[in-house]
Amino acid sequence: MYLTPQHVLLAGATGLTGEHLLDRLLNEPTITRVLAPSRRPLAEHPHLENPVGDPAVFLPQLNGRVDIAYCCLGTTIKQAGSEEAFRAVDLDMVVAFAKRAREMGARHLIVISALGADRRSSIFYNRVKGEMEHALRAQNWPQLTICRPSLLLGDRVEPRLAEKVAGPLSRLIPGKYHGIEACQLARAMWRLALEEQDGVRIVESDELRKLGK
């Protein structure tokens, strides 16, 4: 069964994937409202509502009904400054956003996690992503879609050294480890929004690439 969401809540609209997804959503004729809180202003659009500021302040103030929520939040330890600060974004903020989205009526959450996410992993990054997935499952979403992309490819405002170095190599690796363009991931996330099914669905990177073609 396919549904077309009309009211969308989006976190992370200023990020690499979030920018592509926002553009996609604002150009969908069926969508009448995109609520996209951010730390810096977004370009104006008649269907866009863009609260700007500290998420800890405006998150409880978000209001209005939403059909679906997208979470594209994510940082790096280098950008965050410490492991604790990284957890505050990639775990705590994601979970808080999802909780508020559910309170606003969203039935379906689509979230970006990472390839290899596992809360028992010895790798800190993968462990935090796994803890995030576990916390979202505990929220008992009617429909939860977890996207696990491999290395994201695309032009960032602030380039990440690891992506610049590993990007060319990731294009040569087959299967789910093959790098994925951020625009492909955004298209895949939109298509996943049109699918209605109960429970949790994990979508690995190779399937995301196919959906994003």
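Residues numbered from 1 in each chain as written. Predicted model: local features only at pLDDT ≥ 70, side-chain atom pairs only at ≥ 80, totals over all residues. Heavy atoms only, no water.

A. Layout of the state of the cysteines. The full count for this structure, using the stated rule, is 0 disulfides. Counting only cysteine sulfurs, cysteine 72 is the nearest neighbor of cysteine 147, a cysteine outside any disulfide, at a range of 8.6 Å. The class of cysteine 147 is buried, set by a relative accessible area of 0%. (Disulfide = S-S within 2.5 Å. Buried < 20%, exposed > 50% of the residue type's maximum accessible area, 1.4 Å probe, protein only.)

B. Looking closely at the environment of methionine 104. Assignment of secondary structure puts methionine 104 in the loop between helix 4 (83-103) and strand 5 (108-112). For the pair formed by methionine 104 and arginine 65, sequence separation is 39 residues and the distance between their alpha carbons is 5.3 Å. Excluding its chain neighbours within four sequence positions, the residues that come into contact with methionine 104 are Leu9, Leu35, Leu62, Asn63, Gly64, Arg65 and Val66. (Helix = DSSP H or I, 4+ residues; strand = E, 2+ residues; numbered from the N terminus. Contact = heavy atoms within 4.5 Å.)

C. Just the packing of aromatic side chains, in detail. In the structure shown here, the tally under the stated rule is 2 aromatic pairs. Note on phenylalanine 86 and phenylalanine 124: the rings are 5.7 Å apart at their centroids and 55° apart in plane angle, and the pair reads as tilted. Here the residue phenylalanine 86 occupies a position in helix 4, and phenylalanine 124 occupies one in helix 5 (residues 124-137), the gap between them amounting to 38 residues. By relative accessible area, which is 13% here, phenylalanine 124 ends up buried. An angle of 40° between the planes, with centres 5.7 Å apart, marks the rings of phenylalanine 86 and tyrosine 125 as tilted. Taken together, the residues phenylalanine 86 in helix 4 and tyrosine 125 in helix 5 connect sequence positions 39 residues apart. Among the residues examined, phenylalanine 86 registers a relative accessible area of 0% and is labelled buried. A connected cluster of aromatic rings, assembled from ring pairs, spans Phe86, Phe124 and Tyr125. (Phe/Tyr/Trp six-rings, centres within 6.5 Å; stacked < 30°, edge-to-face > 60°.)

D. Structural context of the sheet that holds strand 4 (residues 68-71). Spatially, 3-2-1-4-5-6-9 is the arrangement adopted by the 7 strands of the open sheet, whose pairing is parallel. With one partner strand each, in any of the chains shown, strand 3 (48-49) and strand 9 (199-204) form the two edges of the open sheet. The pairing of strand 4 with strand 5 spans 4 bridges and is parallel. Looking at strand 5, one finds that cysteine 71 is bridged to valine 111. Relative to the sheet, helix 1 (residues 16-26) contacts strand 1 (7-11), strand 2 (33-35), strand 3, strand 4 and strand 5, its axis offset from that of strand 1 by approximately 165°. (Pairing = 2+ DSSP bridges. Axes fitted to C-alpha atoms, helices over the stretch in contact; angles between N-to-C directions.)

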